[in-house]
Amino acid sequence: MSQLEYLPNSDASPLTGRYRGRFAPSPTGPLHLGSLAAAMAGWLDARAHQGEWLVRIEDIDPPREVAGATENILATLTDFGFEWSGEVMVQSQRGAAYQAAFDRLEQAGWLYPCACTRKEISDSITASTTTSNAAVYPGTCRSGLPEGRPPRAWRMRVAHTNDSGNVIRFDDRHFGPQQQNLTTEVGDYVLKRADGFWAYQLAVVVDDAEQGITDVVRGSDLLDSTPRQIHLQRALGLPTPRYLHVPVVETKLGEKLSKQTGAKALDRKHPLAELRLAAQHLGLEAFGATSITQFWSQATASWQKRNVKY
Ligand code: GLU
């Protein structure tokens, strides 16, 4: 395999421009306290930097989508006093952009088709004595599809021999210096799924670049996706935004609050009470507010004091 170089960051790095953040919910159900905390952190950070805040609906996973969730999420954001700039980007309308990025990666030799089923992958991992991390793809199809097997998914090579992209490092504004060895901790990852849908990692990277996002603020459950996103940005010659992951809201059992762990939908009749709870989770002082407008100005001042480093 020939050495592939990462493309340099594009000259028009948005990091030199005005702050642009985003909130990117998946329409898998109504917003809950955990999603509110992530949205709040993002909007406060944008406000504190006099920046813009965009909303993007990540509806690229139809099997997980819930009918009406997009409208419900946008109406909830409005009820809670959030204001976003411009049109809402909708990922289900962005197929051509994902295909173009995919084609560039394929032409540059980064991608290969994979015939493995989930069961084959888990069987080969169990049988392997060299791999300790059960989630790492063992690379079965990396040098070609097995005889007579049709392609299912498409995977992105995490590294080539002596490829310095192997270990990805970045500084998270909350969690500090991070690093992940993509070869030993992740393995070649899926960009196009066996069911034909685009993978989150590809869509998020293409859209963050398209929207000129300078700052990604989101829940810490996505901290370990970030190195894959940086890897893709480098392979595509796209700029890397700054990252700030905020601790996720947990259930009493210490699990991430989500639909699967029984998160309740936000109470749209009592936005102030819900906003106060989310602010409390983020460690902000905005408890005395008696209106939504007052809440947002107190919370912005509190965020500015704690979280904005110029
Ligand atoms: N759509 C993802 C989610 O709802 C968030 C993606 C992101 O913020 O990068 O979990």
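Rules used in this analysis
- Residues numbered from 1 in each chain as written.
- Predicted model: local features only at pLDDT ≥ 70, side-chain atom pairs only at ≥ 80, totals over all residues.
- Heavy atoms only, no water.
- Core = buried A, V, L, I, M, F, W, Y, C linked by side-chain atoms within 4.5 Å.
- Buried < 20%, exposed > 50% of the residue type's maximum accessible area, 1.4 Å probe, protein only.
- Helix = DSSP H or I, 4+ residues; strand = E, 2+ residues; numbered from the N terminus.
- Contact = heavy atoms within 4.5 Å.
- Pairing = 2+ DSSP bridges.
- Axes fitted to C-alpha atoms, helices over the stretch in contact; angles between N-to-C directions.
- Near = heavy atom within 4 Å.
- Polar contact = N/O pair within 3.5 Å; in protein donor to acceptor, adjacent residues only side chain to side chain.
- Areas by Shrake-Rupley, 256 points an atom, 1.4 Å probe, with all protein chains shown as cover.
- Nonpolar A, V, L, I, M, F, W, Y, C, P; charged D, E, K, R; others polar.

1. Brief notes about the nonpolar core
Judged by nonpolar contacts, the single largest core of 40 residues is most densely connected at Met 40, Leu 77, Phe 82 and Phe 295. Of the residues forming this core, the biggest block, 10 residues, is contributed by helix α1 (residues 33-48). Excluding anything up to four places from it in sequence, Phe 82 contacts Leu 36, Ala 39, Met 40, Trp 43, Trp 53, Leu 77 and Trp 296.

2. Some points on the sheet that holds strand β8 (residues 189-192)
On the basis of which strands lie adjacent, the open sheet formed by 3 strands has the order β4-β5-β8 and antiparallel pairing. With one partner strand each, in any of the chains shown, β4 (111-114) and β8 form the two edges of the open sheet. In this sheet, neighbouring strand axes are inclined to one another by 45° on average, regardless of whether the strands run parallel or antiparallel. Bridge count between strand β5 (residues 153-156) and β8: 3 bridges; the pairing is antiparallel. Across the sheet, Arg 155 pairs through a bridge with Val 190, a residue of β8.

3. Considering the site of the ligand
Close to the ligand lie Arg 22, Ala 24, Pro 25, Ser 26, Glu 58, Tyr 200, Val 204, Arg 218 and Leu 222, which account for all nearby residues. Taking Ala 24, its main chain carries an N or O atom lying 2.7 Å from a nitrogen atom of the ligand. In the environment of the ligand, a nitrogen atom lies 2.6 Å from a nitrogen or oxygen atom belonging to the side chain of Glu 58. Calculation on the ligand without its partners gives an accessible area of 300 Å², and the protein chains cover 78% of this total. For the shell around the ligand, the class distribution of residues is 5 nonpolar, 1 polar and 3 charged.

4. Brief notes about the environment of Leu 74
Here Leu 74 lies in helix α2 (residues 69-79). Along the primary structure Leu 74 and Leu 31 are separated by 43 residues, whereas in three dimensions their C-alpha atoms are 9.5 Å apart. Look past the residues within four positions of Leu 74 in its chain and what remains in contact with it is Val 55, Ile 57, Trp 84 and Val 88.

5. Some points on the sheet that holds strand β3 (residues 89-90)
In space, the 3 strands of this open sheet follow the order β1-β2-β3, with parallel pairing throughout. Unpaired on one side and paired on the other, β1 (20-23) and β3 mark the two borders of the sheet. The pairing of strand β2 (residues 52-57) with β3 spans 2 bridges and is classified as parallel. Counterpart to Ile 57 in the pairing with β3 is Val 90. Its contacts with the sheet place helix α6 (residues 200-210) against β1, β2 and β3, and it is angled at close to 145° to β2.

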